[in-house]
Amino acid sequence: MTNPNPRLRFAPSPTGFLHVGNARAALFNWLEARRAGGEMLLRVEDTDRERSSSELVDNILTSLRWLGLDWDGDIVFQADHLDAHREAALHLLDTGRAYWCDCTSEAVQARAKARGGPPGYDGFCRDRGLPRSDDTALRFRAPDDGTTAFTDLIRGEVSFENKTIEDFVLLRSSGLPVFLLSNAIDDATMGITHVVRGEDHVPGTPKYLLLRDALKLGRPDVFAHLPMLVNEARQKLSKRRDAVSVADFEAQGYLPEAMVNYLALLGWGPKDGVEVRPLGEIVELFRLQDVTSSPAFFDVKKLQAFNADHLRALPAAEFVRRAHPFLTRGQAAVTTLEPLASLVQERVRLLTEVEPMIAFLLDDPVVIDDESWQKAMVKGKAAPEMLAAVTHRLDTLDGWSADAIRAAVEGAAVEAGLVNAEGAAQLSKAQGPVRVATTGRIVGPPLFEALEALGRERTLTRLREAAARL
RNA sequence: GCCCCCAUCGUCUAGUGGCCUAGGACACCACCCUCUCAAGGUGGCGGCACGGGUUCGAAUCCCGUUGGGGGUGCCA
């Protein structure tokens with residue numbers, strides 16, 4: 001049952017960017033391979049010369065590396081093996097399992113419409129004995145009776161009646177092999193034991209099996225068809241319709257560890273219920289047979305929550321390092337961020353949110369948010385009194401530490417009359433005007449640490465400018 | 001149309017005949033904590049698609065219905 005040396009593969013076609021659906025398929029292959037101590041191979045299915053491009057190959061490889069999904073051995077490019085695929089197809093012709101057909105797809109459709117039956121090829125050229133020409137494609141002669149079945153690790157027994165399988169194309173009239181043929185042969189050549197791919201491949205599996213049988217290539221040990229990843233309309237994710245490129249998520253400030261963690265939970269869950277955890281633990285817990293069979297919605301909200309958790313789990317120095325590529329103001333931003341790193345870290349969900357949070361330390365004069373100004377200065381109580389009192393106290397403050405600043409603000413609050421029933425300073429009200437004057441916004445990192453970082457001169461300048469504006 | 005697959009809170013899932021008055025997570029709401037915002041804590045909202053069986057007993061097994069999805073290319 002269990003193969004001692006499982007070989008799995010991720011086989012993307014470079015006709016689009018790597019999107020989260022592909023990434024999930026790659027991840028599950030990788031998880032099973034690594035858990036079982038097997039091999040993870042990578043094959044680029046570039047047989048569609050028109051739509052494939054080396055830029056897209058680069059994008060796929062870059063995204064896989066970013067996610068931390070490595071592979072064993074050299075990358076196999078399917079286009080390098082086209083001759084062998086063609087040869088195999090021709091062998092099928094010799095053994096009577098294939099034949100040349102000159103029907104155009106228009107003609108096939110017209111006949112289907114005319115007979116009122118199901119669309120698809122009707123075997124028109126089966127016994128015409130056509131020779132190969134520039135207009136003929138090679139079709140596989142599918143069996144007329146019997147069934148083709150396989151066991152799917154996730155879905156159980158799946159079977160198809162052979163009479164529902166049409167005579168599909170093996171070689172285009174250009175001589176190029178089609179996906180089904182290349183895919184089936186390459187899997188055999190590469191010794192793939194576990195075929196783990198999307199559920200959209202289920203209907204093609206009997207053809208795959210029929211081909212492998214006809215070619216006497218044996219069958220893989222295991223099939224596992226992963227549930228689809230769907231959009232809000234519950235349709236299969238598509239690159240064109242849905243914004244789900246892995247590279248885009250990277251650019252938006254997601255951590256690869258959050259992405260793979262979240263992706264692993266789409267169709268699978270650890271027995272202990274602990275969702276947020278390092279990949280290494282997931283590798284140990286993952287079992288292909290535990291994967292769910294129903295489709296899953298890719299929920300960006302939950303991904304964000306995971307990202308925030310993984311961000312907080314980082315050591316502060318590492319957090320700064322990860323934020324680096326997202327700091328557009330260069331070294332100034334880095335040195336500004338460093339002392340406040342842990343305070344910022346706890347408050348962002350995406351790395352792109354880091355710089356805006358420390359922008360008040362980078363901009364002079366500070367940019368004041370209108371809504372915040374209205375709230376704290378116009379509607380807030382005793383804003384002028386508070387600003388005057390705090391300006392004086394901070395101007396004459398001994399030392400410049402968060403604790404000392406806090407004491408000064410508390411003293412100013414009492415002076416401005418912002419006190420509770422016991423006469424103690426009401427910081428929740430008092431900090432508003434100070435915060436807006438110095439950081440420009442009503443929300444942000446803890447005020448006293450922020451002012452300590454801002455320094456006495458800039459703090460006083462901003463307080464005076466705000467008072468003048470009032 | 002035909003073939004195939006799927007069906008537990010809004011979403012992702014736990015659940016493999018009794019432990020389920022269905023558990024967790026995200027989201028949402030309330031409260032607590034608190035210098036704002038976060039984080040954290042507590043509580044709340046909310047689900048086994050429907051109908052038949054089988055069984056002492058069904059979210060769990062079987063059949064059907066409905067709904068959704070995938071495939072049906074000389075794309076992959």
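The rules behind the values
- Residues numbered from 1 in each chain as written.
- Chains lettered and ligands numbered in written order.
- Predicted model: local features only at pLDDT ≥ 70, side-chain atom pairs only at ≥ 80, totals over all residues.
- Heavy atoms only, no water.
- Near = heavy atom within 4 Å.
- Polar contact = N/O pair within 3.5 Å; in protein donor to acceptor, adjacent residues only side chain to side chain.
- Helix = DSSP H or I, 4+ residues; strand = E, 2+ residues; numbered from the N terminus.
- Nonpolar A, V, L, I, M, F, W, Y, C, P; charged D, E, K, R; others polar.
- Domains from an automatic or database assignment.
- Contact = heavy atoms within 4.5 Å.
- Buried area = accessible area lost by both parts, 1.4 Å probe.
- Salt bridge = Lys/Arg side-chain N within 4 Å of Asp/Glu carboxyl O.
- Expected span 1.5 Å × (residues − 1).
- Buried < 20%, exposed > 50% of the residue type's maximum accessible area, 1.4 Å probe, protein only.
- Arc of directions from axis to C-beta.
- Bend = angle between axes of the 7 residues up to and from the residue.
- Core = buried A, V, L, I, M, F, W, Y, C linked by side-chain atoms within 4.5 Å.
- Disulfide = S-S within 2.5 Å.
- Pairing = 2+ DSSP bridges.
- Axes fitted to C-alpha atoms, helices over the stretch in contact; angles between N-to-C directions.

Participant: Which parts of the structure should I look at to understand the protein's contact with RNA strand B?
Facilitator: By nearness alone, 62 residues border RNA strand B, and Asp48, Arg172, Glu275, Glu346 and Gly444 come closest of all. Atoms of RNA strand B within 4 Å of the protein: sugar and phosphate make up 68%, bases the balance. Measuring from a sugar or linking oxygen of RNA strand B, one finds a side-chain N or O atom of Asp48 at 2.5 Å. Between a sugar or linking oxygen of RNA strand B and a main-chain N or O atom of Leu265, the distance comes to 2.9 Å. Those elements that provide at least two residues to the surface near RNA strand B are strand 5 (137-140), strand 7 (156-161), strand 12 (296-297), helix 10 (300-312), helix 17 (427-439) and helix 18 (447-454). Considering only residue class, the surface near RNA strand B consists of 24 nonpolar, 15 polar and 23 charged.

Participant: What should I look at first to understand the domain arrangement of chain A in this one?
Facilitator: One frequently used descriptor of interface size is the decrease in accessible area upon assembly of the parts. With domains assigned, chain A is organised as domain 1 (1-77 + 179-313), domain 2 (319-362) and domain 3 (370-469). One C-alpha centre belongs to domain 1, the other to domain 2, and the line joining them spans 33 Å. Between domain 1 and domain 2, the residue contacts involve 13 residues of the former and ten residues of the latter. Interface area for domain 1 against domain 2, summed over the two sides, is near 970 Å², with a carbon-plus-sulfur share of 54%. When residues of domain 1 are sorted by the area they lose upon contact with domain 2, Gln304, Leu311 and Arg312 head the list and together hold 49% of the total. The interface formed by domain 1 and domain 2 contains one salt bridge. Among the salt bridges present, the one from Arg322 reaches Glu257, with a minimum N-O distance of 2.8 Å. Counting across the domain 1 and domain 2 interface gives six residue pairs in polar contact (both at pLDDT 80 or more). Mapped by element, the contributors of at least two residues to the side of domain 1 that touches domain 2 are helix 7 (246-251), helix 8 (256-264) and helix 10. Looking at the side of domain 1 that touches domain 2 element by element, the count peaks at five residues for helix 10.

Participant: Mind showing me how you'd approach helix 19 (residues 456-469) here?
Facilitator: Note on helix geometry: an α-helix contains 3.6 residues per turn, so any two residues three or four positions apart are oriented the same way. Helix length check: helix 19, at 14 residues, gives a terminal C-alpha distance of 20 Å against a target of 20 Å (1.5 Å per residue), a fit within 8%. Here helix 19 has its buried residues at Thr459, Leu460, Arg462, Leu463 and Ala466. One side of helix 19 carries all its buried residues, which in axial view fall inside an arc of 165°. The exposed residues of helix 19 that point more than 90 degrees off its buried face are Glu457 and Ala468. In this structure, the buried residues of helix 19 make contact with helix 13 (354-362), helix 14 (370-378), helix 15 (383-395), helix 17 and helix 18.

Participant: Help me understand helix 12 (residues 331-345) in this model?
Facilitator: Over its 15 residues, helix 12 extends only 18 Å from the first C-alpha to the last, a length that falls short of the 21 Å expected when each residue adds 1.5 Å. Within helix 12, the axis deviates most sharply at Pro339, by approximately 70°. For helix 12, the full list of buried residues reads Ala333, Val334, Thr336, Leu337, Leu340, Ala341, Val344 and Gln345. Next to the buried residues of helix 12 lie helix 10, helix 11 (316-323), helix 13 and helix 18.

Participant: Explanation requested: the nonpolar core in the structure shown.
Facilitator: Looking at soluble globular proteins, one finds that nonpolar side chains tend to be buried together. Grouped together as the largest cluster of nonpolar side chains are 56 residues, with contacts concentrated most on Phe319, Leu337, Val344, Val354, Met386 and Leu394. Grouped together as the second largest cluster of nonpolar side chains are 52 residues, Leu27, Ile60, Tyr254 and Leu265 included.

Participant: Explain the state of the cysteines here, please?
Facilitator: What is meant by a disulfide is a covalent connection between two cysteines, made through their sulfur atoms. Tallied over the full model, the rule gives zero disulfides. Not engaged in a disulfide, the cysteine Cys101 finds its nearest cysteine sulfur in Cys125; these two sulfurs lie 3.6 Å apart. Counting only cysteine sulfurs, Cys103 is the nearest neighbor of Cys125, a cysteine outside any disulfide, at a range of 3.5 Å.

Participant: Help me out: how do you make sense of the pairing of strand 7 in this one?
Facilitator: Every regular strand shows the same layout, with side chains that alternate between the two sheet faces. The pairing of strand 6 (residues 147-152) with strand 7 spans six bridges and is classified as antiparallel. Bridge assignment links Thr148 to a residue of strand 7, and that residue is Phe160.

Participant: Would you mind going over the sheet that holds strand 5 with me for this structure?
Facilitator: Two pairing modes exist for strands in a sheet, parallel and antiparallel, and in both the strands are linked by backbone hydrogen bonds. Taken in spatial order, the three strands make up an open sheet running 4-5-8, and their pairing is antiparallel. Looking at strand neighbours, the two that pair on one side only are strand 4 (98-101) and strand 8 (169-171), the edges of this open sheet. Strand-to-strand twist in this sheet, taken as the mean axis angle between neighbours without regard to direction, amounts to 45°. Strand direction decides the pairing type here: strand 5 and strand 8, joined by two bridges, are antiparallel. Paired with Leu138 across the bridge in strand 8 is Leu171.

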